[in-house]
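Chain by chain, the residues run as shown.
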Amino acid sequence: MSLLSSLKIMLGAAPERPTAYTPEAEAMHEAKRQVKGAERAKEIKAAHAEHRSHKWRNIRWATLIAVNMVFVLSFRFDVQLVEGSLTASRVIGFHMADLNSALQVMLAYKVILINLVIGTGTVLFMWWLFGGRTFCSWTCPYHLLAEIAEKIHLFLAAKRMVVDYPLHRGARSVLYVVFALLAVISGYTVYESISPTGIVSRALIYGPGLAMIWVLGLLAYEVVFIRRMWCRYVCPIGLTYGFVGSVSPVRVKYNLENCLHEGDCRKVCLVPHVLECTKKTYAEDVEVAIGADCTRCGLCIDACPTGSLRYEIKGLNKLL
Ligand code: SF4
Ligand code: SF4
């Protein structure tokens, strides 16, 4: 998939079925077409009987908690190793600023502060290196709370007590522009005052304030009405890091060969549109890099019973 298509899909366009395939992919699709329905069902059942993994989820949750605890403990014990919160901080004296927060500040105050530029540059390089939206799933404390809310939503949905009302994915792109315009017009970082990422991060470090009521309300709304509403349809931080990750060396890679196309990966994914290639006849090549909107959370890798999805470091994997 081209970079442009990946960005268009991230902004809200629907993924399309490829019109042309590489000869290797075409041959694999043809071989899979010959497999009878009953035989395929048997293969899927056998693969599932042997597979159960939460490896990447556990590593990721441990990392997310550890990163946030560094901020908390540093403040509580006045270590001054890390000062501030995830929005803006100083790490061993180096200024760090979340990209979206920095953008909001510059738009609101119409100034380019040198510390902000240094902090933003450092963070930009770091998250480019780690994969862009890796920030969301490996660091953002709201992401972890929203994952728990999602589990409750899915549990209640299985009992037919709640129903998901999905929105158009393009809503996030529209809101991105709205938040930017609000900052320019009001001279105030409007998004920062409602961002659950900043609110939860500050609540962990300095203790919860009234703003946590807003976060709890959001989580309750996600449980009852819209699965992962904030991360899927609202958060401009995710979109900003999505752009960064579009050219990142760390990504998830799909291999067509052993895929059963039953879609377990898509069921667990926050952004299932990036896994469209896992549908039968949707992969244009044998290997497909997963698109910019992917948070590199690893849930699909854990879920896949055939090892068809894996992490890749561009250019390095062949050397490792
Ligand atoms: S594609 Fe996989 S790694 Fe990426 S967001 Fe979806 S589940 Fe997570
Ligand atoms: S890549 Fe997705 S559809 Fe293919 S086998 Fe793995 S979980 Fe199933």
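Predicted model only: the values in this text are computed from it and were never measured.

Enquirer: Tell me about the site of ligand 2, and name the residues and values.
Expert: The local shell around ligand 2 holds 14 residues, among which Cys 259, Glu 262, Cys 265, Cys 304 and Thr 306 are the closest. The residue makeup of the shell around ligand 2, split by class, is 7 nonpolar, 5 polar and 2 charged.

Enquirer: Talk me through the UniProt feature "transmembrane region" (unreviewed entry) in the chain; I want residue IDs and the actual numbers.
Expert: The feature "transmembrane region" (unreviewed entry), as annotated in UniProt, sits at residues 59–77, 107–130, 174–191 and 203–224 in this numbering. Annotated as 83% helix and 0% strand, the span residues 174–191 places its first and last C-alpha atoms 14 Å apart.

Enquirer: Can you break down a nonpolar patch on the surface residue by residue, with the values?
Expert: Together, Ile 65, Met 69, Val 70, Leu 73, Phe 77, Val 79, Leu 81 and Ile 92 give the surface a local cluster of nonpolar side chains, amounting to about 760 Å² of exposed area. With respect to the helices, strands and loops of the structure, Phe 77 is situated in the loop between α4 (55–76) and β1 (82–84). Look at Phe 77 and you get exposed, because its relative accessible area is 62%.

Enquirer: An account of the domain arrangement of the chain is requested, with residue identities and associated values reported.
Expert: Under the domain assignment used here, the chain contains domain 1 (3–51 + 249–313) and domain 2 (57–243). Placing the centre of domain 1 and that of domain 2 at their C-alpha centroids yields a distance of 28 Å. Counting residues at the interface gives 26 residues for domain 1, matched by 25 residues for domain 2. Between domain 1 and domain 2, roughly 1,900 Å² of surface is buried when both sides are summed, and carbon and sulfur atoms account for 51% of that area. At the boundary of domain 1 with domain 2, the tally comes to 2 salt bridges. For Asp 293, the salt bridge identified is with Arg 172, shortest N-O distance 3.0 Å. Our count for the domain 1 to domain 2 interface comes out at 15 residue pairs in polar contact (both at pLDDT 80 or more). At the level of elements, α1 (3–11), α15 (264–268) and α16 (299–303) are the ones that each hand at least two residues to the side of domain 1 that touches domain 2. When residues in the side of domain 1 that touches domain 2 are grouped by element, the largest group, 4 residues, is from α1.

So, how was this worked out
Residues numbered from 1 in each chain as written. Chains lettered and ligands numbered in written order. Predicted model: local features only at pLDDT ≥ 70, side-chain atom pairs only at ≥ 80, totals over all residues. Heavy atoms only, no water. Near = heavy atom within 4 Å. Nonpolar A, V, L, I, M, F, W, Y, C, P; charged D, E, K, R; others polar. UniProt positions renumbered as here; feature names shortened; annotations may be inferred. Helix = DSSP H or I, 4+ residues; strand = E, 2+ residues; numbered from the N terminus. Patch = residues over 30% accessible without salt bridge, like charges linked within 9 Å, V, L, I, M, F, W, Y side chains within 5 Å. Areas by Shrake-Rupley, 256 points an atom, 1.4 Å probe, with all protein chains shown as cover. Salt bridge = Lys/Arg side-chain N within 4 Å of Asp/Glu carboxyl O. Buried < 20%, exposed > 50% of the residue type's maximum accessible area, 1.4 Å probe, protein only. Domains from an automatic or database assignment. Contact = heavy atoms within 4.5 Å. Buried area = accessible area lost by both parts, 1.4 Å probe. Polar contact = N/O pair within 3.5 Å; in protein donor to acceptor, adjacent residues only side chain to side chain.

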